[in-house]
Amino acid sequence: MKKILSIFMCLVVFPAFVMAQGKKPLTHDVYDDWKSLGSTSLSNDGNWLHFTINPQEGDNVLEVKQLNGTAAYKIDRAVNPNFTNDNRFVIFVIKPQAALEKELKLKKTKPADMPKDTLGILNLQSGDMVKKPLVKGYKLPKDGSGWLVYQNEPSATKAAATDEANVDEKPKKPAPKAKGSELVVRNLATGEEQVIDRTAEYIFSDPGNRIYFTKVEDDSVKNAGVWYFDTQTKALAAIDTGHTEYKGITAHKDGLKLGWHATADSTKAKEKYYSLFFWDNAAKQSRKLVDTLTQGVPEQWVVSDNGNINFSDNGNRIFFATAPRPSKYEYAEDTTILDEDRVKMDVWSWTDDAIQPMQKVQLNRDLKRTYLAVYQLNSNKMVQLEDEDFNSVNLDPDRKFDIAIATDDSKYRYDYSWDIQLPRDVYTVDLNTGARKMIFTAQGFPQASPNGKYLAWYEPTDSTWYSYTLANGTKRALTANMDVNFYDEIHDSPSLPGGYGSAGWLADESAILVYDRHDIWKLDPTMAKAPENLTNGYGRANDLRYRYNRLDFEERSIPTTGKWYLSTFNSTNKQSGYSNINANTKANPTSILMGDYAMSGMRKAKDSDRVIFNRSTFTEYGEVYATNMQFENPRKMSVTNPQQSEYNWGTIELVEYTSLQGDRLQGLLIKPENFDPNKKYPLISYFYERSSDGLHAYRSPAPSASTINLTYFASNGYIVFVPDIKYELGLPGPSAYDCIVPGVLSIVDRGFVDKDNMAIQGQSWGGYQVAYLVTQTNMFKAAGSGAPVVNMTSAYGGIRWGTGMSRMFQYEQTQSRIGGTLWEKPWYYIENSPLFYADRIKTPLLIMANDEDGSVPWYQGIEFYMALRRNSVPSWLLVYNGEDHNLRLRKNRKDLSIRLSQFFDHYLKGEPMPYWMKYGIPATEKGKTMRYELTED
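Caption draft 1: The arrangement of the nonpolar core in detail. Val744, Ile747 and Leu845 are the most contacted members of the largest nonpolar core, which totals 51 residues. If sequence neighbours within four positions are ignored, Leu845 has contacts with Val770, Val774, Ala783, Ser785, Phe864, Leu868, Pro874, Ser875, Trp876 and Phe903. Counting residues in each nonpolar core, the second largest holds 50 residues, with Leu67, Val722, Leu900 and Met913 among its members.

Caption draft 2: A look at the side chain of Asn123. By the secondary structure assignment, Asn123 is in strand β8 (residues 118-123). For Asn123, a relative accessible area of 17% gives the class buried. Separated by 2.8 Å, the side chain of Asn123 and the backbone nitrogen of Gln125 make a polar contact. The contacts of Asn123, once residues within four sequence positions are left out, are Arg88, Phe89 and Asp128.

Caption draft 3: Just the sheet that holds strand β17 (residues 245-251), in detail. Reading across the sheet, the four strands line up as β17-β18-β19-β20 and stay open at both edges, with antiparallel pairing between neighbours. Of all the strands in the sheet, the pair left with one neighbour each is β17 and β20 (285-290). Strand-to-strand twist of the sheet, defined as the mean angle between neighbouring strand axes without regard to direction, takes the value 30°. Summarising the sheet, β17 and strand β18 (residues 257-263) pair through five bridges and their orientation is antiparallel. Looking at β18, one finds that Ala251 is bridged to Leu258.

Caption draft 4: Looking closely at the packing of aromatic side chains. For the structure on display, the rule yields 43 aromatic pairs. Considering the side-chain rings of Trp48 and Tyr73, the 6.2 Å spacing of their centres and the 25° angle between planes classify their relative orientation as stacked. Taken as a pair, Trp48 in strand β3 (residues 48-55) and Tyr73 in strand β5 (residues 72-76) lie far apart in primary sequence, 25 residues in all. For the residue pair Trp48 and Tyr73, the accessibility class agrees, reading buried in each case. With a centroid separation of 4.8 Å and 45° between ring planes, the pair formed by Tyr915 and Tyr919 is classed as tilted. In this pair, Tyr915 and Tyr919 are both assigned in helix α15 (residues 915-919), four residues apart and thus about one turn of the helix distant. Here the aromatic residues Tyr712, Phe713, Tyr718, Trp876, Phe903, Phe904 and Tyr907 are joined through ring pairs into a cluster of three or more. Directly above the aromatic system of Trp227 lies the positively charged group of Lys215, at a separation of 4.7 Å from the ring centroid. The ring of Phe675 has Lys671 lying over it, and the distance from NZ or CZ to the ring centre is 4.5 Å.

Conventions and cut-offs
- One numbering rule holds for all chains: residues counted from 1, following each sequence as written.
- Since the coordinates come from a predicted model, pLDDT governs what is reported: local features require at least 70, and pairs of side-chain atoms require 80 or more to be given and counted, while whole-chain, interface and lining totals use all residues.
- Each side-chain value is derived from all of the structure's non-hydrogen atoms; neither hydrogens nor water enter the calculation.
- Here, nonpolar core means buried Ala, Val, Leu, Ile, Met, Phe, Trp, Tyr and Cys residues that are tied together by side-chain atoms lying within 4.5 Å of each other.
- Only protein chains enter the accessibility calculation, which uses a 1.4 Å probe; a residue is then buried when its area is under 20% of its type maximum, exposed when over 50%, and partly exposed in between.
- Any two residues whose heavy atoms approach within 4.5 Å are treated as being in contact.
- Counting from the N terminus, the helices are the DSSP runs of H or I reaching at least four residues and the strands are the DSSP runs of E reaching at least two.
- Throughout this description, a polar contact denotes any pair of N or O atoms lying within 3.5 Å of each other; where both atoms belong to protein, one of them has to be capable of donating a hydrogen while the other can accept it, and for residues adjacent in sequence the pair is counted only when both atoms sit in side chains.
- Criterion used throughout: strands pair if DSSP finds at least two bridges between them.
- Axes, fitted as lines to C-alpha atoms, cover a helix only where it is in contact. Angles between the N-to-C directions of the axes lie from 0 to 180 degrees.
- Here the aromatic set is Phe, Tyr and Trp, taking the six-membered ring for Trp, and pairing holds for ring centres within 6.5 Å; pairs whose planes are under 30 degrees apart are stacked, those over 60 apart are edge-to-face, and all others are tilted.
- Geometrically, a charge over a ring is one whose NZ (Lys) or CZ (Arg) sits within 6 Å of the ring centre while staying within 35 degrees of the ring normal.

Note that every value here comes from positions in space, so none of it alone points to a role or purpose.
Set out below in structure tokens:
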């Protein structure tokens, strides 16, 4: 007789047993309680810190704390916080309550009637807070202070927009909808405000001396325009009027020059023609620089409003975008044919540079593609820099140079479906004339020195760093004769190995700093000086990895004086921390903080030596800590998940073992917090490639996008093992077996694993390895395989729909590691494909393969399921409709998490089989029931 035992009954009995031991196990209904830290920042003087604590679902909290005192503030639902440059205020946006928004959406409330954001202004000196309801957004100047500008929602009345008393009061009935939005300029010191109507775009100049904005037309007269508000004189003045639309306003860094797009076409016109305009404070007059008739604009091209406007550093150039007229590519449509009679098809031509799926993925980008141009203000000359055949011109970050560097891979692009490591031709482009000069061909991406004298890049084809002197065209192989590896030393795929990257150029252009696996090298681009190991080989000698830590996010080059701070990682024991050395000096780095943590995110206050960083372990969330530049007495500032103390968590340790090929490998061993060495525990092994460097990563309980949550399973009485995998080319499946199986057996040998109750689980590449392993061994009692490729022969020529790329490159060059075409190495494809050995499988399998997977073809999961079904292997295929490779929707993630735990609990713990496993969910019940109930016969 069939009995149904509800999950509720199980949860009543089991927690009672665990509570007797002190702590509760994690359950699926606690996910929403776990939060994450976000948006962390120091005030310029280092006296204040703000951070947000964000739930997985629901309302966040903004916390603002004084570091040199005790003042602290908490603001519910506050996002986008920013300190003012004078350290006196923090500005933020308060979102509506998430529960209220959800309730209104269920009632199908119109977007216009949904609750709106509120602006918050917190005075850090007095603690007073001002709230402004019905606000769209705000801006602060990059460098200046004392002023704030914000924009109201279009429907906001003046009364509602300035109500500081109680934002929870019901706003007054809005007036008839006006054109544009109200812009409010606020003096933060006095609270004085000036309201400007009918605005659209608005920007602050960097110094904060001007607020520039556009006005839209109303129904009576053509009075759109560009205006400014001067924060020093409080003058309000029009810069340009008379056109129907203005957009793209951009100011030079001095705040006294402006560029924008404008059109005189009707706002309802299907195709509008924009012109580029310029204004400077000295001339007090705007002028049109470029339109369709300007010399230099290609025939049938226009100024494009889809591109950005930028000034050069000295203000003598304006960079903007052009594009072919949209109508240039439109074909006359035959209006005599009914829509149902039209032929709709794709033509895949062998002559196409990009295959049709790639063209479709890139369609919107291509339709809005723009081409860089420049206007020389000194000579009143327009120069087109890019065109349809040459469209990768890269300006230097500050737009100081007279040349730009461009790359062009068009000659090689045809091969991209199977070769993703294409060379590219590198050009210089003269910004004064537009003249192009090809200077070399490379696979690396050249980095220009601070003043544009040199280029440097890592070349994968010979694993060498090169330099190029732009003045005389001299190319030098900087590391060619060095007895040091600058390529990835553990690279194990058929592709060319990448390098370890660069810290950047020294400010005086005397050298570029590059990394090997452990240390930092100083390379003279002229080779007048020999390469110098600035960390003195101490990294390699002690298995440490040093990387330059940029303290100023706006830093364009590395200073040649002072101290350099280095992120430090021990590759053997996984400790991390920070070290320093004197700038530009060869020496053993001085360790200033090192420990059994994952440390990251070091940031310094702009005007003080206050520093913050994040520190985590497997059991400690990555909280923010504050200290000084000597890292003395770090102080924990955030407490993100205090509820963790109520739950049985887990412990983690680094283990070593030997593969069947004799390689020494590492893995992560996770045990329940209440681990008893005299007990036998079920084991789950999860794997991907190499994960041991993540020893000190905190793993929040969260609904799964595709894989088991390691913390959840440890909390619920499982041993979890995560082995590293080393691959042999052409043998991805056997390599997985050679590393995973001995790793698991090494854990079994420790005596606390129930070897009759072990399982494996993985997703994507991990899902493939799971599928392969169960064709080779029956040692696992159950297995979970997400998005697996099981038939490399049918997957080889498929499409990765997320990018539109052919899958060939993956087998020939990257993760699948076959190293040749299907016709060159057919037996490698077959021998590594689990489908061809499906008759060997005895292990019950839970498969996930979603019908809109953009990475792995959905039919791979179907092929696997049908083979298992044909061979009468207990198997279940979960297909989340409309979902991608990894689940995006939280409701689906929660569902998968429940099914994963029920599946493994049944096979490894002997829990009753849930209804969905025993009886399935017929199509007639789809969406009506989840069938989580547990059954007993």
